[in-house]
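Report on the structure
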Amino acid sequence: MSGMRVRQSMTFPSFHRAALRALAALTMLIATSVRSNYVFDEDPFQPVTQDETVSVGGVVILTCTVKENDNSSLQWSNTAQQTLYFGEKRALRDNRIQLVKSTATELIISIAEVQLSDDGEYTCSIFTMPVRTARATVTVLAPGAHGVPGKPVITGFEDAVQEDSTVTLTCTSSGSKPPAKLHWYLNQEEKPGRPDVVESNPEEPTYTVTSELIFTVTRNDNNALIACVVDHPSNANANANGDKKTEQSLSVLFSPRVSIQPESDLPREGEKFYLQCVANGNPEPTAFVWRRKDGELPPLAKVDGAFLRFESLNKTDNGIYECQADNGIGMGDVSHTLLVQDPTAMSTSSGVDHAVIGGVVAVIVFIMLCLLIVLGRYLIRHKGTYLTHEAKGSDDAPDADTAIINAEGGHSGVDDKKEYFI
């Protein structure tokens, strides 16, 4: 009995130590696995994978690579963390899964006849110390319209919105798998919206995606096109069902901007004349009010909607005239100074034409004078030299008769004299 007690007391501590060792090893394995998620990108032993999208019945290729290897094996696991391949060795009996390539730095496998159940996250591991892992998401597109996003729907529009007001627009697309991404555009220019909200559809493995666009409208946004566009892997499929873009025109209400356009730039006494009030607003202004600053409108001036008409201008019509336009959203006004000219006054455009003609004539005259001056200087510099014999020998003659004789006959010993005319 005593011996039995001794054996029991000796056996219990050894079992306890073995359990502690196993627990410690399991803890270390879990810790190293968790730690592998925080390995920096420059780690040469860190596996690298990429997400894949495939339709039901298709083939998906899973690639896992590392820059360096210390003789550790690479391993692919499925969504249930079942080992598919450990190096070149197949671990799961599924003939759809085949080895494509296995080297010290690369492990590539393929899955044929993909099913909806293959959708999920796959893990590539390398059993270094610590263990390093990388994940790749496989998205399986369901056949038919399932998984393909529906045409986006824009809500939040009213018949028209006020200028400087804040508008919230919502775009929704249902039935996508994986979740679609939504983009907003205003007249072909992309506008940042709020982050997409993704919700699972309860009766099928698809998603509904919603996005919001919030911005302040201006009068320049009137008649602008607001577009919501769906971005999804199925867009590359030419046979994909559904429209991926929805456009809607934006109507902005704003008060009118007003200007006055006179019939001519030279209103002359005794002529008919009008001032037109031009107003731009949404809606178009329909009510116009004409006033004369510091006085009543002239007796011969008549208001005709956006026009103020003068039957016969008079110097007494001089003054500042104001027009006010109202479109129900707001009012705009502007003023114009009317100066009636004499009947013989020339228009501003004629004055401008005469000034241009006079300037051209002056330039031509100036060029001709410059040419005459240059030509005269050229002729003067190239004139020839002339010899005269009238005074030859006269300086040495004792009297007039001798001088004449010397001039007519000449003397060989007397030097010729040259006279130059410049």
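Keep in mind it's a predicted model, so treat the numbers as computed, not measured.

Procedures and definitions
Residues numbered from 1 in each chain as written. Predicted model: local features only at pLDDT ≥ 70, side-chain atom pairs only at ≥ 80, totals over all residues. Heavy atoms only, no water. Helix = DSSP H or I, 4+ residues; strand = E, 2+ residues; numbered from the N terminus. Buried < 20%, exposed > 50% of the residue type's maximum accessible area, 1.4 Å probe, protein only. Contact = heavy atoms within 4.5 Å. Pairing = 2+ DSSP bridges. Disulfide = S-S within 2.5 Å. Axes fitted to C-alpha atoms, helices over the stretch in contact; angles between N-to-C directions. Phe/Tyr/Trp six-rings, centres within 6.5 Å; stacked < 30°, edge-to-face > 60°. Salt bridge = Lys/Arg side-chain N within 4 Å of Asp/Glu carboxyl O.

Moving on: the overall build of the protein chain. For the protein chain, the helix and strand inventory stands at three helices and 27 strands. Split into buried and exposed, the 422 residues of the protein chain put 30% on the buried side. When contacts within the protein chain are restricted to residue pairs at least 6 apart in sequence, those whose partners lie at least 24 apart make up 62%.

Along strand β2 (residues 60–65), the buried face is formed by V60, L62 and C64; none of I61, T63 and T65, which line the opposite face, is buried. Both β2 and strand β7 (residues 106–111) contribute to a ladder of six bridges, which runs antiparallel. The residue bridging V60 from the neighbouring strand is I111, located in β7.

Attention now goes to the state of the cysteines. Covalently bonding the sulfur atom of one cysteine to the sulfur atom of another cysteine gives a disulfide. The final tally for this structure, using the stated rule, is three disulfides. Each sulfur of the disulfide joining C64 and C124 lies 1.9 Å from the other. As the torsion about the S-S bond is roughly -75°, the C64-C124 disulfide counts as left-handed. Here C124 lies in strand β8 (residues 120–126) and C64 lies in strand β2, a separation of 60 residues in the sequence. Taken as a pair, C64 and C124 share a single burial class, namely buried. Residue pairing for C171: its cysteine sulfur links by disulfide to C228, the two sulfurs lying 1.9 Å apart.

Moving on, we come to the sheet that holds strand β15 (residues 197–200). Reading across from one edge, β10-β12-β16-β15 is the order of the four strands in this open sheet, with antiparallel pairing throughout. Looking at which strands have only one partner, the edges of the open sheet turn out to be β10 (153–155) and β15. With direction set aside, neighbouring strand axes in the sheet form an average angle of 20°. In the sheet, β15 pairs with strand β16 (residues 207–216) via four bridges, with the strands oriented antiparallel. By the bridge assignment, V197 is partnered in β16 with T210.

Tracing the backbone shows V198 in strand β15. Given the relative accessible area of 41%, V198 is considered partly exposed. Once the C-alpha coordinates of V198 and V209 are considered, the two residues, eleven residues apart in sequence, prove to be 4.6 Å apart. In contact with V198, other than residues within four places in its own chain, are P179, Y207, T208 and V209.

Moving on, we get to the packing of aromatic side chains. Scanning all chains against the criterion turns up four aromatic pairs. Centroid distance F86 to F127: 5.9 Å. Interplanar angle 50°. Geometry classified as tilted. Placement of F86 in strand β4 (residues 83–86) and of F127 in the loop between β8 and β9 (132–141) is noted, with a sequence separation of 41 residues between them. Overall, F86 belongs to the partly exposed group, its relative accessible area being 34%.

What follows concerns the pattern of salt bridges. One pass over the structure, following the stated rule, counts 13 salt bridges. In this structure, E106 and K101 form a salt bridge, with 3.1 Å as the shortest nitrogen-oxygen distance. Taking relative accessible area as the criterion, K101 reaches 40% and is therefore assigned partly exposed. Between E212 and R194 there is a salt bridge, and its shortest N-O distance comes to 3.4 Å. On the criterion of sequence distance, the pair formed by E212 in strand β16 and R194 in the loop between β14 (189–191) and β15 is long-range, its members being 18 residues apart. Residue class for E212 comes out partly exposed when judged on its relative accessible area of 27%.

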